[in-house]
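Single-letter residue listing:
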Amino acid sequence: MAEEQLKKILLINGPNLNLLGTREPAIYGSTTLKDVEDSMYQQASKYNLKLSSFQSNHEGHIVDRIHSAYEEGIDAVIINPAAFTHTSVALRDALAGLDIPFVELHISNVHKREPFRHHSYLSDKAEGVIAGLGVFGYIAALEYWAWKFRGGAALP
Ligand SMILES: O=C(O)[C@]1(O)C=C(c2cccc(Sc3ccccc3)c2)[C@@H](O)[C@H](O)C1
């Protein structure tokens with residue numbers, strides 16, 4: 001049987017998430033971004049997935065990273081756009097133009113927060129949106145792609 005092709009997942013985290021776990025634990029928890037990434041790398045290896053991760057506070061750098069995903073043969077993206085969710089047409093255009101499916105992820109339930117966080121420039125282009133599950137949402141997104149790449153039929 002042909003060796004199962006390694007699927008490549010790109011994790012992108014937006015502005016201020018480099019400070020995750022250091023402030024506002026009531027909203028975002030006390031887990032650091034490195035802890036999240038370490039857990040995801042561990043989980044990815046269980047499913048024979050190749051995970052790459054990227055975090056930037058700069059919109060253009062994230063757009064550039066999305067562009068390079070195509071050349072790398074990335075199969076799926078998990079993105080927490082943070083504040084760019086609510087402001088960035090550039091991010092929307094980059095993801096929509098990429099033709100690689102993505103899951104939009106939010107640690108907090110943005111729909112229970114300030115009205116300006118209720119709108120996303122990305123959600124209608126996303127395969128799915130996860131919000132309010134805390135940092136578990138990152139694992140949920142990875143599990144989703146592992147399930148989808150297995151054929152997305154039988155429930156685990
Ligand atoms: O809930 C999220 O994950 C979200 O994407 C994340 C956001 C966010 C905003 C500011 C800071 C951080 S991370 C952080 C938290 C506390 C202190 C420092 C950084 C995330 C918000 O901009 C979004 O509206 C929602």
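Quick summary incoming for the structure in this document. Just so it is clear, the structure is predicted and the values come from calculations on it, not from any experiment. (Residues numbered from 1 in each chain as written. Predicted model: local features only at pLDDT ≥ 70, side-chain atom pairs only at ≥ 80, totals over all residues. Heavy atoms only, no water.)

1. Quick look at the pattern of salt bridges
Phase 1: Evaluated as defined, the whole model comprises six salt bridges.
Phase 2: Lys 34 is the salt-bridge partner of Asp 38, the closest N and O atoms lying 2.6 Å from each other. Within this pair, Asp 38 and its partner Lys 34 are both found in helix 2 (residues 33-46), separated by four residues, close to a single helical turn.
Phase 3: Among the residues examined, Asp 38 registers a relative accessible area of 37% and is labelled partly exposed.
Phase 4: Look at the salt bridges and you will find they share partners, linking Arg 113, Glu 114 and Arg 117 into a network. (Salt bridge = Lys/Arg side-chain N within 4 Å of Asp/Glu carboxyl O. Helix = DSSP H or I, 4+ residues; strand = E, 2+ residues; numbered from the N terminus. Buried < 20%, exposed > 50% of the residue type's maximum accessible area, 1.4 Å probe, protein only.)

2. Let's talk about the site of the ligand
Phase 1: Close to the ligand lie 15 residues, the nearest being Asn 80, His 86, His 106, Ile 107 and Ser 108.
Phase 2: With respect to the ligand, the side chain of His 106 contributes an N or O atom lying 2.8 Å from an oxygen atom.
Phase 3: Contacts to the ligand include Ser 108, whose side-chain N or O atom sits 2.6 Å from an oxygen atom.
Phase 4: Protein chains shield 94% of the accessible area of the ligand, which is 540 Å² for the free molecule.
Phase 5: Considered class by class, the residues forming the shell around the ligand number seven nonpolar, five polar and three charged. (Near = heavy atom within 4 Å. Polar contact = N/O pair within 3.5 Å; in protein donor to acceptor, adjacent residues only side chain to side chain. Areas by Shrake-Rupley, 256 points an atom, 1.4 Å probe, with all protein chains shown as cover. Nonpolar A, V, L, I, M, F, W, Y, C, P; charged D, E, K, R; others polar.)

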